[in-house]
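If you want the building blocks of each chain, they are given just below.
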Amino acid sequence: MIETQKEDSVLIVINSDPGTRNALTPAFYSGFREVLEDAGEDPSVAAIVLTGAGNFFCSGGNLTVLKERTTMKESERRQGIDKLHSLIAAMRACPKPIIAAIEGGAAGAGVSMAMACDMIVAARDAYFSVAYVKIGLTPDGGATAFLSRSLPRQLVSELCLTGDRIGVQRLYDLGTINRIVDTGSAREAALELAQQLAKGPAGAMARIKRLVDSGATATLDDQLELEAESMAASFGTAEGAEGIAAFLEKRKPRFRPTADDEAGETH
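Summary of the structure given here. (Residues numbered from 1 in each chain as written. Predicted model: local features only at pLDDT ≥ 70, side-chain atom pairs only at ≥ 80, totals over all residues. Heavy atoms only, no water.)

## Some words on the overall build of the protein
- Along the backbone of the protein there are 12 helices and nine strands.
- In terms of overall size, the protein behaves like a compact globule, its C-alpha atoms giving a radius of gyration of 20 Å where 267 residues would be expected to give roughly 18 Å.
- Overall, the protein is about 60 × 45 × 35 Å in size when its C-alpha atoms are taken along their principal axes.
- Counting over 267 residues, the protein shows a buried share of 43%.
- Excluding contacts between residues fewer than 6 apart, the proportion of contacts in the protein whose partners are at least 24 apart in sequence is 69%.
- Positive and negative charge centroids in the protein, built from 28 and 36 side chains respectively, lie 5 Å apart. (Helix = DSSP H or I, 4+ residues; strand = E, 2+ residues; numbered from the N terminus. Rg over C-alpha atoms; globule rule 2.2 N^0.38 Å. Buried < 20%, exposed > 50% of the residue type's maximum accessible area, 1.4 Å probe, protein only. Contact = heavy atoms within 4.5 Å. Lys, Arg positive; Asp, Glu negative; His and termini not counted. Charge placed at Lys NZ, Arg CZ, Asp CG, Glu CD.)

Below, the structure written as structure tokens:
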């Protein structure tokens, strides 16, 4: 079940199935993808916080559903995996920044979803567990791609070959986690960070997301070309003009209409 709440221009998305520690299902994959697509086109949404109900972020795939796949044909098994991968791609394609708020832990595909976010805020007692190996399976959801771009190979191997829990403090020290906060305050801290981003230039941040993604795999020449295209495009926007003017005038830029602006338009 997906619950959504709105805090000013921040959309909070809650994966809500506490009985399974918010395990993932094909219905969640398609439902969250629709939420992302709608949010991407909604000018009232500037940033997204993804979290889980109760005291746990996500326990990964629902084992009851996974068990059913063992009796399916390989082509049928792929369908559920492809839905997950389509969701992960949608998270990266979403032009709005997405922040994961992690309490308890993230396991299996829950790690993939957390890593697909642009930033991660985690409670200090939370953990990551890429536990597929413990049930004879291999990672999916982009876990090995995201982790390998973020962590040393030896730690990725430890995560994936043992399935053991790795505390978020260790991941924070290596730069994979953005914020460590007191237990019970991950959502509040993620919301605060999202509200900070929500004041920024939407177009520039969407272009930055694309540049960050391509920067991990593109050649230097290709990345320089993408950066040149993005910078040239940014110069021609109202955001660019406002940002430069604000800097020269020694004031804070106003990239988005304020409540006062909107109220003034009605007079």
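After presenting the structure, the write-up continues.
## Structural notes on the sheet that holds strand E1 (residues 2-7)
- An order of E1-E2-E3-E4-E6-E9 is seen for the six strands of this open sheet, with the pairing classed as mixed. Two strands bound the open sheet, and with one partner strand each, they are E1 and strand E9 (179-181). Averaged over neighbouring strand pairs, the angle between their axes works out to 20° when direction is ignored.
- Inspection of the sheet shows strand E4 (residues 98-102) paired to strand E6 (residues 119-123) by four bridges, in the parallel sense. Looking across to E6, one finds that Ile99 is bridged to Met119. (Pairing = 2+ DSSP bridges. Axes fitted to C-alpha atoms, helices over the stretch in contact; angles between N-to-C directions.)

## Focus on the packing of helix H9 (residues 202-215) against helix H10 (residues 220-235)
- Relative to each other, H9 and H10 sit at 175°, their axes nearing to 10 Å. The orientation of H9 with respect to H10, classified from their angle, is roughly antiparallel. Counted together, Arg207, Leu211, Ser214 and Gly215 of H9 and Gln223, Leu226, Glu227, Ser230 and Ser234 of H10 form the full contact between these two elements.
- By residue class, the composition of the contact of H9 with H10 is two nonpolar, five polar and two charged. (Parallel < 35°, antiparallel > 145°, perpendicular 65-115°, else oblique. Nonpolar A, V, L, I, M, F, W, Y, C, P; charged D, E, K, R; others polar.)

## A closer look at the pattern of salt bridges
- Applying the stated criterion to the full structure yields 10 salt bridges.
- Arg92 is the partner of Asp118 in a salt bridge, and the nearest nitrogen-oxygen pair spans 3.0 Å. Pair noted here: Asp118 is in the loop between helix H4 (109-116) and E6 and Arg92 is in helix H3 (residues 74-93), with a separation of 26 residues, a long-range link.
- Note that Arg92 is salt-bridged to Asp213, the shortest N-O span being 3.0 Å. Of this pair, Arg92 sits in helix H3 while Asp213 sits in helix H9, placing them 121 residues apart in sequence.
- Taking the relative accessible area as the measure of exposure, Asp213 reaches 28% and is therefore partly exposed.
- The network of salt bridges with shared partners includes Arg92, Asp118, Lys209 and Asp213. (Salt bridge = Lys/Arg side-chain N within 4 Å of Asp/Glu carboxyl O.)

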